[in-house]
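Close look at the chain arrangement
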Amino acid sequence: QVQLVESGGGLVQAGGSLRLSCAASRTIFRFNAMGWYRQAPGKQRELVAVISNDGSTNYANSVKGRFTISRDNAKNTVYLQMNSLKPEDTAVYYCNGLKSGYDYWGQGTQVTVSS
């Protein structure tokens with residue numbers, strides 16, 4: 001059983017920064033990809049950023065240039081650096097790991113951006 005545990009969420013003013021962390025109970029090197037999703041109240045869960053095993057990344061258009069996803073295989077941790085935060089970034093952020101066609105999810109961490 002793989003466990004993903006997010007941390008780093010909180011309340012921040014617009015224009016501020018937060019860094020989310022996702023610690024995995026197993027080596028993330030064996031994951032095909034790791035990513036961050038978010039879900040705002042009344043909205044569907046959406047992809048924010050993803051990083052593949054080869055280090056390639058993809059971002060939602062709404063966060064390009066502001067968010068950066070990275071991974072530290074030695075620490076089995078994936079990060080999401082979020083800069084220039086906007087109120088519309090407010091959501092529960094979930095860590096995701098894709099391995100052998102199966103999706104693993106963390107419990108989520110709340111990010112609230114005040115205007």
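Computed from a prediction, not measured in an experiment: that's the story for all the values here.

A few points about the environment of Arg66
- Following the sequence through the fold, Arg66 ends up in the loop between strand S6 (57-59) and strand S7 (67-72).
- In this structure Arg66 comes out as buried when scored by relative accessible area, which is 11%.
- Each C-alpha atom of the pair Arg66 and Ser84 lies 6.1 Å from the other, and the pair is 18 residues apart in sequence.
- If sequence neighbours within four positions are ignored, Arg66 has contacts with Gln81, Met82, Asn83, Ser84, Leu85, Lys86 and Asp89.

Comments concerning the pairing of strand S9 (residues 91-99)
- With 7 bridges joining them, strand S4 (residues 33-39) and S9 adopt antiparallel strand pairing. Bridge pairing links Ala33 to Leu98 in S9.
- Bridge analysis of S9 against strand S10 (residues 102-105) gives 4 bridges, and the strand direction is antiparallel. Across the sheet, residue Asn96 finds its bridge partner in S10, namely Trp105.
- Linkage of S9 to S10, two consecutive antiparallel strands, is achieved through a turn of 2 residues, within which Ser100 is found at a positive phi near 55°.

Thoughts on the environment of Cys95
- The topology assignment puts Cys95 in strand S9.
- By relative accessible area, Cys95 is classed as buried at 0%.
- Separated by 91 residues in the primary sequence, Cys95 and Leu4 have C-alpha atoms spaced 6.9 Å apart.
- In contact with Cys95, not counting residues within four places along its chain, are Leu4, Glu6, Cys22, Met34, Gly35, Trp36, Tyr104, Trp105 and Gly106.

Some thoughts on unusual backbone geometry
- A positive phi is found at Asn76, a non-glycine position, where the angle reads about 55°.
- Following the sequence through the fold, Asn76 ends up in the loop between S7 and strand S8 (77-82).
- Non-glycine residue Ser84 carries a positive phi angle of around 50°.
- With respect to the helices and strands, Ser84 occurs in the loop between S8 and S9.
- The exposure class of Ser84 is partly exposed, given its relative accessible area of 41%.

Points about the packing of aromatic side chains
- Under the counting rule described, the total for this entry stands at 3 aromatic pairs.
- Between Tyr102 and Tyr104, the ring centres sit 4.8 Å apart and the planes meet at 65°, which makes this aromatic pair edge-to-face.
- Here the basic side chain of Arg45 rests over the ring of Tyr94, its NZ or CZ set 3.7 Å away from the ring centre.
- The cationic tip of Arg45 hangs over the ring face of Trp105; the distance from NZ or CZ to the ring centre is 4.6 Å.

What counts, and where the lines are drawn
Residues numbered from 1 in each chain as written. Predicted model: local features only at pLDDT ≥ 70, side-chain atom pairs only at ≥ 80, totals over all residues. Heavy atoms only, no water. Helix = DSSP H or I, 4+ residues; strand = E, 2+ residues; numbered from the N terminus. Buried < 20%, exposed > 50% of the residue type's maximum accessible area, 1.4 Å probe, protein only. Contact = heavy atoms within 4.5 Å. Pairing = 2+ DSSP bridges. Phe/Tyr/Trp six-rings, centres within 6.5 Å; stacked < 30°, edge-to-face > 60°. Lys NZ or Arg CZ within 6 Å of the ring centre and 35° of its normal.

Remember, this is a structural readout, not a statement about activity or role.
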